[in-house]
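# Structure at a glance
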Amino acid sequence: DAGVIQSPRHEVTEMGQEVTLRCKPISGHDYLFWYRQTMMRGLELLIYFNNNVPIDDSGMPEDRFSAKMPNASFSTLKIQPSEPRDSAVYFCASTLLAGGTGELFFGEGSRLTVL
Amino acid sequence: DQQVKQNSPSLSVQEGRISILNCDYTNSMFDYFLWYKKYPAEGPTFLISISSIKDKNEDGRFTVFLNKSAKHLSLHIVPSQPGDSAVYFCAASGWGAAGNKLTFGGGTRVLVKP
């Protein structure tokens with residue numbers, strides 16, 4: 001089975017532009033997570049969904065960030081407007097088991113650079 | 001405030017020797033702990049986990065030790081191999097409202113020298 005698929009792998013944009021990151025979770029997984037990796041903060045959870053419903057978005061840094069999951073096989077993370085401090089690697093992950101014991105399967109990440 | 005901390009950002013070890021990675025946590029509600037390994041330009045991959053009802057879990061060359069009273073866990077890699085060179089993340093989760101998400105540490109970069 002294909003793993004978690006993220007696109008684009010790399011994105012370079014200018015400050016103020018809208019950025020949309022995409023994720024296709026593993027088929028059958030009902031939890032989807034968006035993480036951000038930076039040198040300063042490591043891997044931090046932004047938001048997660050269960051059965052397409054956002055459960056916890058307390059990690060979303062500010063209103064410029066939004067995430068959607070219109071169906072079980074697709075999610076987007078949008079930044080509008082983007083700022084240089086948003087530069088990071090954004091990971092999507094999915095899992096099947098609830099209760100925190102489920103192993104997370106990560107995509108390869110989307111490296112975002114905001115100039 | 002970071003609930004999961006990896007205080008050593010990097011570690012260098014000779015091939016064949018033991019690598020010991022440490023992780024501390026502050027949230028007493030955490031009861032399940034995992035280690036992930038990450039190569040450059042790839043996503044993290046699951047390595048090994050341990051439940052709070054245990055104090056040790058072993059899988060081949062990898063052993064995780066948990067000291068609940070000290071809120072400390074460690075990952076031992078014996079013997080270390082050049083292919084183990086990667087960034088290792090410690091992660092923790094708890095039951096209840098927070099039970100479905102993992103909190104990660106900042107990572108430790110391991111370099112195994114041939």
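Residues numbered from 1 in each chain as written. Chains lettered and ligands numbered in written order. Predicted model: local features only at pLDDT ≥ 70, side-chain atom pairs only at ≥ 80, totals over all residues. Heavy atoms only, no water.

## Quick notes on the overall build of chain B
Looking only at helices and strands, chain B has zero helices and eleven strands in total. In chain B, the order of α-helices and β-strands from amino to carboxyl end is β-β-β-β-β-β-β-β-β-β-β. Its C-alpha atoms give chain B a radius of gyration of 14 Å, near enough to 13 Å, the size a compact globule of 114 residues would have. A principal-axis box enclosing the C-alpha atoms of chain B has dimensions of 45 × 30 × 20 Å. Contacts spanning at least 24 positions in sequence make up 54% of the contacts within chain B whose residues lie at least 6 apart. When the accessible surface of chain B is split by element, carbon and sulfur atoms take 51% of a total near 5500 Å². Both charge centroids of chain B, one from 12 positive and one from 9 negative side chains, sit 3 Å from each other. (Helix = DSSP H or I, 4+ residues; strand = E, 2+ residues; numbered from the N terminus. Rg over C-alpha atoms; globule rule 2.2 N^0.38 Å. Contact = heavy atoms within 4.5 Å. Areas by Shrake-Rupley, 256 points an atom, 1.4 Å probe, with all protein chains shown as cover. Lys, Arg positive; Asp, Glu negative; His and termini not counted. Charge placed at Lys NZ, Arg CZ, Asp CG, Glu CD.)

## Regarding the sheet that holds strand E7 (residues 62-67) of chain B
Residue and element names in this part refer to chain B. The five strands are arranged E1-E3-E8-E7-E6 in an open sheet whose pairing can be described as antiparallel. Looking at strand neighbours, the two that pair on one side only are strand E1 (4-5) and strand E6 (56-59), the edges of this open sheet. Relative to E7, E6 is paired through four bridges, and the arrangement is antiparallel. If you follow Glu58 over to E7, its bridge partner there is Thr63. (Pairing = 2+ DSSP bridges.)

## Things to note about the state of the cysteines
Covalent bonding between the sulfur atoms of two cysteines is what defines a disulfide. All names here are of chain A. Tallying each qualifying case throughout the model produces two disulfides over all chains. The disulfide bridge from Cys23 ends at Cys92, spanning 1.9 Å between sulfur atoms. Taking the torsion about the S-S bond as the criterion, the Cys23 to Cys92 disulfide, at about -65°, is left-handed. With Cys23 in strand E3 (residues 19-24) and Cys92 in strand E9 (residues 88-95), the pair connects residues that are 69 residues apart, well separated along the chain. Residue class for Cys23 comes out buried when judged on its relative accessible area of 1%. (Disulfide = S-S within 2.5 Å. Buried < 20%, exposed > 50% of the residue type's maximum accessible area, 1.4 Å probe, protein only.)

## Looking at the sheet that holds strand E7 (residues 65-71) of chain A
Residue and element names in this part refer to chain A. If you trace the four strands from one edge of the open sheet to the other, you get E1-E3-E8-E7, paired in antiparallel fashion. Whereas interior strands pair on both sides, the edge strands pair on one side only; in this sheet they are strand E1 (5-7) and E7. With strand direction ignored, the average angle separating the axes of adjacent strands in the sheet is 15°. In this structure, E7 lies alongside strand E8 (residues 74-79), joined through five bridges in antiparallel fashion. Looking across to E8, one finds that Lys68 is bridged to Thr76. (Axes fitted to C-alpha atoms, helices over the stretch in contact; angles between N-to-C directions.)

Coordinates in, geometry out; function isn't part of it.
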